Amino acid sequence: MSTSAVTGDLDAWRALPALQQPEWDDPDEVRAVAAELAAQPPLVFAGECDQLKAQLADVARGEAFVLQGGDCAETFEGSNADAVKNKLKTLLQMAVVLTYAASVPVVKIGRMAGQFAKPRSKPVEVRGGVELPAYRGDAVNGFAFDAASRRNDPNRLLKAYHCSAVTLNLCRAFTKGGYADLRQVHAWNRDFVQQSPAGRRYEQLAAEIDRALTFMKACGVNPDEFHGVEFYSSHEALLLEYERALTRIDHLSGLPYDVSAHFLWIGERTRQLDGAHVEFLRHIRNPIGVKLGPTTSADDALALIERLNPDQEPGRLTFITRMGAGRIRDALPPLIEKVQQSGAPVAWICDPMHGNTFEAPSGHKTRRLDDVLDEVAGFFEVHRALGTHPGGIHIEFTGDDVTECVGGGMGLAEADLHQRYETACDPRLNRGQSLDLAFMVAELYRKSV
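Residues numbered from 1 in each chain as written. Predicted model: local features only at pLDDT ≥ 70, side-chain atom pairs only at ≥ 80, totals over all residues. Heavy atoms only, no water.

Once that is clear, we can look at helix H2 (residues 27-38). Over its 12 residues, H2 runs 16 Å from end to end, which matches the ideal 16 Å to within 8%, given 1.5 Å per residue. Turning to H2, its buried residues are Glu 29, Val 30, Val 33, Ala 34 and Leu 37. Taken end-on, H2 shows its buried residues confined to a sector of 135°, consistent with a single buried face. Of the exposed residues in H2, the ones pointing more than 90 degrees away from its buried face are Asp 28 and Arg 31. Check the buried side of H2 and you find it contacts helix H6 (155-176), helix H8 (240-245) and strand S6 (247-249). (Helix = DSSP H or I, 4+ residues; strand = E, 2+ residues; numbered from the N terminus. Expected span 1.5 Å × (residues − 1). Buried < 20%, exposed > 50% of the residue type's maximum accessible area, 1.4 Å probe, protein only. Arc of directions from axis to C-beta. Contact = heavy atoms within 4.5 Å.)

A separate point is the pairing of strand S4 (residues 130-133). As defined by bridge partners, strand S3 (residues 124-127) adjoins S4 across four bridges and the pair is classed as antiparallel. In the strand pairing of S4, Val 124 is matched with Pro 133. The hairpin formed by S3 and S4 contains two residues between the paired strands, and Gly 128 there has a positive phi angle of roughly 55°. (Pairing = 2+ DSSP bridges.)

A word on empty space enclosed by the protein. Rolled over the atoms, a probe sized like a water molecule indicates the empty space that remains. Within this structure, the stated rule accounts for one cavity of 30 Å³ or more. What the largest cavity holds in volume is close to 80 Å³. Taken together, Gly 114, Phe 116, Ala 117, Ala 139, Leu 157, Ala 160, His 235, Glu 236, Leu 238, Leu 239, Tyr 242 and Glu 243 make up the lining of the largest cavity. Residue composition of the lining of the largest cavity, grouped by class: eight nonpolar, two polar and two charged. (1 Å grid on protein atoms, 1.4 Å probe; cavity = no way out; pocket = protein on both sides within 12 Å on 5 of 7 lines; lining within 4 Å. Points joined across faces, edges and corners; volume = space filled by probe spheres on them. Nonpolar A, V, L, I, M, F, W, Y, C, P; charged D, E, K, R; others polar.)

A separate point is the packing of aromatic side chains. Taken as a whole and judged by the stated rule, the model has seven aromatic pairs. Considering the side-chain rings of Phe 65 and Phe 380, the 6.3 Å spacing of their centres and the 25° angle between planes classify their relative orientation as stacked. You can see Phe 65 sitting in strand S1 (residues 65-70) and its partner Phe 380 sitting in helix H12 (residues 369-386), a full 315 residues away along the chain. Accessibility assignment for this pair places Phe 65 and Phe 380 in one class, buried. With centroids separated by 5.2 Å and ring planes inclined at 85°, the aromatic side chains of Tyr 135 and Phe 143 adopt a geometry described as edge-to-face. Judged by relative accessible area, which is 3%, Tyr 135 ranks as buried. Among the aromatic residues, ring-to-ring pairing joins Phe 65, Phe 379, Phe 380 and Tyr 445 into one connected group. (Phe/Tyr/Trp six-rings, centres within 6.5 Å; stacked < 30°, edge-to-face > 60°.)

So, about the environment of Gln 20. Inspection of the secondary structure puts Gln 20 in the loop between helix H1 (3-10) and H2. By relative accessible area, Gln 20 is classed as buried at 18%. For the pair Gln 20 and Lys 118, spaced 98 residues apart in sequence, the C-alpha separation works out to 8.5 Å. In contact with Gln 20, other than residues within four places in its own chain, are Pro 119, Arg 120, Arg 136, Leu 238, Arg 269 and Thr 270. At a separation of 2.8 Å, a polar atom in the side chain of Gln 20 contacts the main-chain amide nitrogen of Arg 120. (Polar contact = N/O pair within 3.5 Å; in protein donor to acceptor, adjacent residues only side chain to side chain.)

For S1, the buried fraction is high: six of the six residues fall into the buried class. Burial along S1 is two-sided: the face carrying Phe 65, Leu 67 and Gly 69 and the face carrying Val 66, Gln 68 and Gly 70 are both buried. Two strands pair when backbone bridges link them, and S1 and strand S2 (residues 106-111) are joined in this way by six bridges, in the parallel orientation. Looking at the pairing, Leu 67 lines up with Lys 108 of S2. Sheet analysis places S1 next to strand S14 (residues 392-396), joined by five bridges and oriented parallel.

Read these as geometric descriptors, not functional statements.
See the structure below:
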């Protein structure tokens, strides 16, 4: 296919309904920003995307497990070394628990280095009789409730790119520069072990890993894999002008890749078959995901497969289910059964966060860790009953000691939410709650294989 034909395909979405896009004041300003983004270096490379696709093919075959997580919505302010290190440290600790306790290779994908935009249920927000545009993430406008901050500013797309570059650079440095070495398992926990039941449990596991590493070293075994990890970036492909501007034709294969992230997903609100998001993502060659809520029919799932992965390429398509703890055991089986019957190679991942949000009496949006755990348990139960592979979890967490979700080993209650409620959007698990979840997932995985 000629370059001009590929480019035409990449712009076909412009003729279709594009939901959840900001209303920009000045189209010329948007075009100028898009042109500047198109001239920037790639954040990721096609070969890395293909490598992740191969690992996701392992997941679809039942040979690996995905751990995908990070902020609900990243902020520009949070694109600093300490914040990135804390999130990465939590992800590494969870991955170690899953790898060692469940004896499964873990594909590590950060909900990081690009998650700067969020879909909203309403385009405007009203406070005290004042109506302003809704906060759509730092890539679009500011969190502060005033007219200047809430203006949809396309120049923020450039800042989102630069903050993504900073975050990805830090992640690469930490994961390849010694910090992710398995011999650091205790160091990741040093500031945490005394104050948390999950931290103490982790420390016991770390001691076992230490003994195993010492034994292997004594036997002359010291593979490179122990000294660093493969880490991939991901975000929701929501802002189509941004994603299009960061799409490049790979010079080796001649195929288009969205170089804003290794893995991109389409949200539950934008997965319409005749919509702009599905149209755009079907033309890029990255591995992609689709969020599926409880109203998704089996026919919907099959139609998405036909649209997004008609050649049934292994590792290309992941379904991320977000059903809610009370609905997953009923809503998920028909989807898996029909997809399984079709023979399509799909990886199934559970997002136990988005279907379990409620408002506390204080007005804080929150989630119960028990509901999160129950949805994950339901996900594993369904797969065990059908003889299929529970391929991973997709969670919102932070490496900080926030008070946004209730429950866990520290017994956070609704009355505690005000203490450190810092999220820019939805409530996230803190580090202790994330480790609680990792230990439970490891136990569920062991029972399912």
